[in-house]
Amino acid sequence: MPRRQFVADLQKAQQDTLPLGIFELQQGEDDGQFEFEFFGTPTSGLIEPVKITAIIPDVSEYPKSHEYMVFCGDNAPHVIGAALQDVRGTNRKTVFELLDIVSATLARLAPDRDGDTQMPDSQLESEDEESDRDVYDDDPEAFEISANQPTLYAAATSRTPKMSGRAFRSRVRADLLAAKTAGFKVGYLGHLMDAFNAFVTVSIRVSKLGISEEAMQAWHVDPKEYLILIVQYPNGYKTNEELQACDSMRLTPNLAMRLCAGKKYKPTLQEAIKAFTAVKQTFNDDSTASDLPAAEDGGADENALRETFISKPLNGFLQERLVPILRYRSAGMDWHGAEALYSEITSKGAGGADEIPDRFYRPEAKNDTLPDIVTADHYLSESAAPYSFPLLAMQFALRHFVRCTEFCLVCHRKLDTELEAIKPYVCDQSLCLYQYMTLGFGPSIEHEVLTQPKVVDLLVSFCYSSASATRLRDFPDGLALMVPAVDLVQYRAPDPYAVYRSYYRTQQNQPAEVKREPQELPAYDVGFDRDRLEMIFFNKPDQRPVRRGSWIVLTTRDLGNSELHCRVSDVTYYPTISIDDPIVLSSAGVPNTANVSVGSADVRPRTITPATTPRWIPASFTVYDQDFEQLDRAGKCISICKLLDTLPSVKTIQDYLAKKRPADLKYWVERISPAALSLLRWIIASNRACIMQVDGDSSGDVQGQERLYGMKDFVQFRFAMGAPDKEQRFITEVRNTTQRLSLMYPTIFAWHGSPLYNWHMIIREGLHFKNADHGRAYGDGVYHAKEAATSGGYSAMAMPGAYGGQSTAKIAWSNSQLRIFSAIALNEIVNAPGEFQSQNPHYVVQHLDWIQTRYLFVQCQPADGTVRTIEEKKPANAYPQDPSRTPRGSSDTIVLPASAITSRRAASDGRTPTSRSPAKRLKGLGGFDDPIAIDDGDDSASDATDAEDLDILFEEDEVEPEPDKIDPPPQTLIKRPDGAATDFVPGTLKFNTLPIMPEPAYANSAATRRLMKELHSLQKVQDASALSDLGWYIDAEKIDNAYQWIVELHSFHVIDPHLPLVADMKKQDIHSIVLEIRFNKDFPFTPPYVRVIRPRCLSLAQGGGGHIVLGGAMCMELLTNTGWSSVSSMESVLMQIRLAIASDPPARLDIPARGDYGTGEAADGYVRACRTHGWAVPPGFQEMAFGMPAPSSGQGGQ
């Protein structure tokens, strides 16, 4: 009952933790009334609590249609009463949700310690009571409060909540530091440490994720961009444990997440607010939509925060499932098991089981091709508890971003398929396809048409050819398509390949296909006036068969076998009905050129006057009322061809979009039917390959730098298929085979041809050898030809008896500008023909990981002026090929541009690609360089971590009580303890003789403060320790820049008097080893750079050691990103460096050499040593070691 539900919700809210600032929740005297006190936020400091009353006038309407009245007493401050009057979005909310909205509203009024008001809360509702979206005030002035404005707040009292205390701030700091230590950039916006509304950002460069260049192109991401997870805490920071304790009702007001991309590592405050600002959708209501630019709009503003290609589905997924999945992870499951258990429980229910089945605890196999930062798991790290929620959220987001092709974009379940794709899609459930299309999760067809019209033409043509030959296997089921009636003459035409299909089903153990003859739709006889575009029912039906917007197929005797497909534009004067300009098609699928072009609207000029007498000619029509899903395979294929024939050409669509604002095809209702538009979206969205047009059209620029030579008169496309890690697996096979066979040319190229009707399937499933269209005379595998003409012969094979049921039937899309009649692919293959299934006369490759597609070539018969003719020209920088196995194209031996075959291929034979940045490294796999470059390099100066983001990671200084001042006795001297004898004399080093690097010009407050603290600590230790026992000396008075130290190491005889280094130093009368230590602006999160200035030492190859490499740099794992820890003190670092110099083999002086080390030679030696050992070079190393800003990330490893 409603009243019982209200009482239960009120009692539950009383027992749970109340929202920020809410206390003393009590049931009121009247039915449906409750009262509570508001005492503000941790810094509000209300002098007295404010009593607030909420009443539901009609409690019988709870919880579905009730309303609230919220007010406070007359003695309450005026601003509180005014704020309560402005509260919106409270209707139909539960008791707890109302309390949360009131808390968020009143928290905005509280000034922080700086006198600024709080950020607008994301949970405030818009005036539209139907909307549950987040709304923000985007005016920067809304965040200010006048210094002279009187407020109702005073000093904090003893009732200040504990959440903003020292322990709370320490936990926040620990959580952020865990994400920083894991390799991510961390930032925050708002008043995080005050437990108010705030944003936490965790980000990483896309170039560090190990994504292939082909996948980045398909996903519209740039390697120089950051992938940014923004976590919003509307009611103050909540820990992982607190969030897991929240039920779904309490979780939404306390947590929100968005995944974005941007040039900076964190957004501005305005951009963060914009990311959570809901946009009112006209057609589709998407709860995770934001006001950010879409993934395809990345070029609109170079520095703008934007959504990624997967932001829409992933934002909702994070919000809905992350916290429940983390609860299962706490029980010991990995990500895969926890996600599977959540999916099973939500779909089938818990079932009352007391124990979780063992299958959910089976660990998921690790993908070794992905970088460690993508596969890392905070839950599996040692001594990680308590766990950092921002880090867990980012690791979860990376799992579903980098591996997006492994999961359904709607239900997010792991796809149970062997097919690999470079673009994500949905599972086989029709509901997922429907939501994918209707919720706007797929790619923008408008963007594809505007930017790559040839690719769209190609995709539609492939689909048409496959449907025309009735070879489609996957259909757009679940989209509720209503299509025109299927012509029974076409449907009943004999299938010339019925025997083949029966054999294929037998081989694949598939059941026999059941034929379901389409139903005959009712036809209505009318009179039709071609000039007025009107119809009239002479025998008016009892019920009107059409409405405005219905699509019909109209036939008349004058048009013979042609059909008019048109939209009903007006039914006001029924039985007279108006229609839009019709599209004329041939009912048999054969182009009708007698009166008007196929698939085009009849736009003949007409002069109509009001006095014109209608000229009715007999006609009949049927409505688009055939349920597509009720058709069998043949019926669906016929319907798809019919719908595609009604589409205008891609050039016509492009011209329409260029003139319209907004550029959206859903508004072109008079020209494209809803069924045809949904079909076009499905064709583009279901394409899971990366196809990029190389040749420009008549209005575009030619990307000639990637055009292959030797294929004259063919239209060229860059072509990549397979999973995002397919490139990685291919190059791993290339590398292993090259090492095993000592190959000079690691790969070869060859052609693969297939009939046109197969290409729709190939670009979705990839190359495999499950089907055998032309036999397998040379064994199982993917067949490749050495000459393009051979593959072209297979591709151009026609399929008789296609759409139309006659030998004259067309198999090409009538409105295509390309008019494709053959297609072949150029593939790169591992150069081991001796290990192929066969190598003569064809290459038959049985290992799919040995094949990678590179180009797609289509032969066309384009209309005049629709496709630009490209002059054949050899590329200036050609890719080297095996001379004995270079394939021949249509016009000459092919020459590939090196830019089209990624430069990382050089790593296949053990050679690492050159890079201008010494911080670019190649992650090792199996002892060899991984060809996908992982950018651990320098960030540009614009990406330097903000000082405030570094400050928050440092522990607060202890506030020590001031002791009673006691005047020290006069002339008190501090005496250093005695130690072992030493010949080192402090203060004798002449600094002006040292070749040191220029003083660093960078600095930030957090690093400077930490360095000064380290110097102060070292000085105290140095003053209190024996000189020989300490073994190092710093003259603090001579340090002019906190980021550049000069340190002397001495007294090595204390470690071991028999060290050869001790004898060398005594022989040369040298009393110390002088070091220069430089710190980066991110210290202590990156290690210092340490080099020897004097004396010169022998390298390891010359018989030296002590971790001193050629050039004088100290290279030990501690001083690299691999072994560095941000908690290390410089005292321990100096001690470890001194012990490393004396370790076996110890350092030895280069006695014949004279002079000091130069300032530049050490850095090169350091980078070489790091690459040799597989250690990570610290970010910012180039600026720290060379004294110059790092080049942009795009310069190296591309």
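Since we're looking at a predicted model, the values are computed, not measured.

Caption draft 1: Fine view of the overall build of the chain. A tally of regular secondary structure across the chain gives 30 helices and 32 strands. Within the chain, the proportion of its 1198 residues that are buried is 55%. For the chain, the share of sequence-separated contacts (at least 6 apart) that also reach a separation of at least 24 residues comes to 72%.

Caption draft 2: Representation of the pairing of strand β24 (residues 820-830) within the structure. In terms of burial, β24 is largely enclosed, as 10 of its 11 residues are buried. Where β24 meets strand β26 (residues 851-860), nine bridges bridge the pair, whose relative direction is antiparallel. Across the sheet, the residue bridging to Ala 823 is Val 858, located in β26.

Caption draft 3: Structural detail: the sheet that holds strand β29 (residues 1032-1034). Within the open sheet, the four strands sit side by side as β29-β30-β31-β32. Their pairing is antiparallel. Here the strands that pair on one side only, and so sit at the sheet edges, are β29 and β32 (1089-1094). Going across the sheet, the axis of each strand differs from the next one's by a mean of 30°, ignoring polarity. Sheet analysis places β29 next to strand β30 (residues 1044-1049), joined by three bridges and oriented antiparallel. Across the sheet, the residue bridging to Trp 1032 is Leu 1049, located in β30. Contacting β29 and β30, helix α25 (residues 1005-1024) runs over the sheet at an angle of about 125° to β29. Together, β29, β30, β31 (1073-1078) and β32 form the strand contacts of helix α28 (residues 1130-1142), whose direction differs from that of β30 by roughly 45°.

Caption draft 4: Seen up close, the packing of aromatic side chains. Under the definition given, this model contains 32 aromatic pairs. Here the aromatic rings of Trp 219 and Phe 309 are separated by 5.1 Å at their centres, their planes lie at 20°, and the arrangement is stacked. Residue Trp 219 is found in helix α5 (residues 213-219), and its partner Phe 309 is found in the loop between β9 (306-307) and α9 (311-329); the two are separated by 90 residues along the sequence. With respect to class, Trp 219 is no different from Phe 309; both count as buried. One aromatic cluster in this structure is built from Phe 6, Phe 34, Phe 36, Tyr 62 and Tyr 68. Of note, Lys 185 hangs over the ring of Tyr 265, and the distance from its end group to the ring centre comes to 5.1 Å. The ring of Tyr 188 carries the charged tip of Lys 266 above its face, separated from the ring centre by 5.9 Å.

Caption draft 5: Broad picture of the state of the cysteines. Using the criterion set out here, one finds zero disulfides in the structure. Cys 411 forms no disulfide, and the closest cysteine sulfur to it belongs to Cys 408, at a distance of 3.5 Å.

Caption draft 6: Geometry of the pairing of strand β22 (residues 747-753). Summarising burial for β22: seven of the seven residues are buried, a large majority. With burial as the criterion, each face of β22 is covered, one bearing Thr 747, Phe 749, Trp 751 and Gly 753 and the other bearing Ile 748, Ala 750 and His 752.

Caption draft 7: Here's a closer look at a nonpolar patch on the surface. On the surface, Ile 1055, Met 1135 and Leu 1139 cluster together to form a nonpolar patch covering roughly 260 Å² of accessible area. Within the secondary structure layout, Ile 1055 lies in the loop between β30 and α27 (1060-1067).

Caption draft 8: Summary view of the sheet that holds strand β1 (residues 22-27). Strand order in the open sheet formed by four strands is β1-β2-β3-β4, and the pairing between neighbours is antiparallel. Strands with a single pairing partner mark the edges of an open sheet, and in this sheet they are β1 and β4 (69-72). Averaged over all neighbouring strand pairs, the angle between strand axes comes to 20°, with direction disregarded. Sheet topology places strand β3 (residues 50-55) next to β4; four bridges connect them, and they run antiparallel. By the bridge assignment, Ile 52 is partnered in β4 with Cys 72.

Caption draft 9: Representation of the pattern of salt bridges within the structure. By the definition in use, this model includes 33 salt bridges. Two residues, Asp 892 and Arg 888, come together in a salt bridge whose shortest N-O distance is 3.8 Å. The exposure class assigned to Asp 892 is partly exposed, which follows from its relative accessible area of 24%. Here the salt bridges share partners, and the residues they tie into one network are Glu 339, Glu 364, Arg 399, Arg 403, Glu 406 and Lys 414.

Caption draft 10: Representation of helix α1 (residues 2-15) in the model. Between its first and last C-alpha atoms α1 spans 20 Å; for 14 residues at 1.5 Å apiece the expected length is 20 Å, and the two agree. Looking only at α1, the buried set comprises Phe 6, Val 7, Asp 9, Leu 10 and Ala 13. Around the axis of α1, the buried residues are gathered within 160° of arc, so they sit on the same side. In α1, the exposed residues that point more than 90 degrees away from the buried face are Arg 4 and Gln 15. Against the buried residues of α1 lie β1, β2 (33-38) and α3 (95-107).

Caption draft 11: Examining the confidence of the model for the chain more closely. Overall, the predicted model of the chain reaches an average pLDDT of 78, with 76% of residues at or above 70. This stretch, residues 589-605, has a pLDDT under 50; its non-local contacts, to residues over four places away or in other chains, come to 40 contacts. Predicted confidence is poor over residues 798-809, with pLDDT under 50, and the contacts of this stretch with residues over four places away or in other chains come to 29 contacts.

Caption draft 12: Inspection of the packing of helix α15 (residues 453-468) against helix α20 (residues 674-685) at higher detail. For the pair α15 and α20, the least separation of the axes is 10 Å and the interaxial angle reads 105°. Accordingly, the angle class assigned to the pair α15 and α20 is roughly perpendicular. Within the contact between the two elements, α15 uses Val 456, Leu 459, Val 460 and Cys 463 and α20 uses Leu 680, Trp 682, Ile 683 and Ile 684. Across the contact of α15 with α20, the residue classes tally to eight nonpolar, no polar and no charged.

Caption draft 13: Quick peek at the environment of Ala 397. Summarising the element assignment, Ala 397 is placed in helix α12 (residues 389-402). Setting aside residues up to four positions removed in sequence, Ala 397 forms contacts with Leu 259, Leu 314 and Leu 318.

Caption draft 14: Spatial organisation of the nonpolar core. In this structure, Phe 389, Phe 401, Leu 644 and Leu 665 are the most contacted members of the largest nonpolar core, which totals 169 residues. Per-element tally for this core: the top contributor is α12, with 10 residues. Both domains that meet at this core, namely domain 2 (166-280 + 305-348 + 362-404) and domain 3 (691-797 + 811-860), each give it at least three residues. In contact with Phe 389, other than residues within four places in its own chain, are Asp 175, Val 231, Tyr 233, Asn 240, Leu 243, Leu 255, Met 257, Leu 322, Val 323 and Leu 326. The next biggest cluster of nonpolar side chains, apart from the first, holds 59 residues, and it includes Trp 1032, Ile 1108, Leu 1119 and Ile 1137.

Caption draft 15: Local environment of the environment of Leu 177. Summarising the element assignment, Leu 177 is placed in helix α4 (residues 166-181). Since its relative accessible area comes to 22%, Leu 177 is described here as partly exposed. Distance in space between the C-alpha atoms of Leu 177 and Leu 391 is 9.4 Å, their sequence separation being 214 residues.

Caption draft 16: Highlighting unusual backbone geometry. Residue Pro 63 follows Tyr 62 across a cis peptide bond; omega there is 0°. Look at the link from Tyr 574 to Pro 575: it is a cis peptide, with omega at 20°. Within the element layout of this structure, Pro 575 appears in the loop between β14 (562-570) and β15 (576-579). Its identity as a non-glycine residue notwithstanding, Ala 195 has a phi of 65°, on the positive side. Looking at the element boundaries, Ala 195 is found in the loop between β5 (185-190) and β6 (198-205). Of note, Ser 742 is a non-glycine position whose phi angle comes to about 55°, a positive value.

Caption draft 17: Seen up close, the packing of α15 against helix α18 (residues 633-646). Interhelical geometry of α15 versus α18 gives an angle of 145° and a closest axis separation of 8 Å. Between α15 and α18 the crossing geometry is left-handed. For the pair α15 and α18, contact is made by Val 460, Cys 463, Tyr 464, Ala 467 and Ser 468 and by Cys 637, Ile 640, Cys 641, Leu 644 and Asp 645, respectively. Here the contact of α15 with α18 is composed, by residue class, of eight nonpolar, one polar and one charged.

Rules of the game
Residues numbered from 1 in each chain as written. Predicted model: local features only at pLDDT ≥ 70, side-chain atom pairs only at ≥ 80, totals over all residues. Heavy atoms only, no water. Helix = DSSP H or I, 4+ residues; strand = E, 2+ residues; numbered from the N terminus. Buried < 20%, exposed > 50% of the residue type's maximum accessible area, 1.4 Å probe, protein only. Contact = heavy atoms within 4.5 Å. Pairing = 2+ DSSP bridges. Axes fitted to C-alpha atoms, helices over the stretch in contact; angles between N-to-C directions. Phe/Tyr/Trp six-rings, centres within 6.5 Å; stacked < 30°, edge-to-face > 60°. Lys NZ or Arg CZ within 6 Å of the ring centre and 35° of its normal. Disulfide = S-S within 2.5 Å. Patch = residues over 30% accessible without salt bridge, like charges linked within 9 Å, V, L, I, M, F, W, Y side chains within 5 Å. Areas by Shrake-Rupley, 256 points an atom, 1.4 Å probe, with all protein chains shown as cover. Salt bridge = Lys/Arg side-chain N within 4 Å of Asp/Glu carboxyl O. Expected span 1.5 Å × (residues − 1). Arc of directions from axis to C-beta. pLDDT = per-residue confidence, 0-100. Parallel < 35°, antiparallel > 145°, perpendicular 65-115°, else oblique. Nonpolar A, V, L, I, M, F, W, Y, C, P; charged D, E, K, R; others polar. Core = buried A, V, L, I, M, F, W, Y, C linked by side-chain atoms within 4.5 Å. Domains from an automatic or database assignment. Left-handed = near helix turned anticlockwise from the far one by under 90°.

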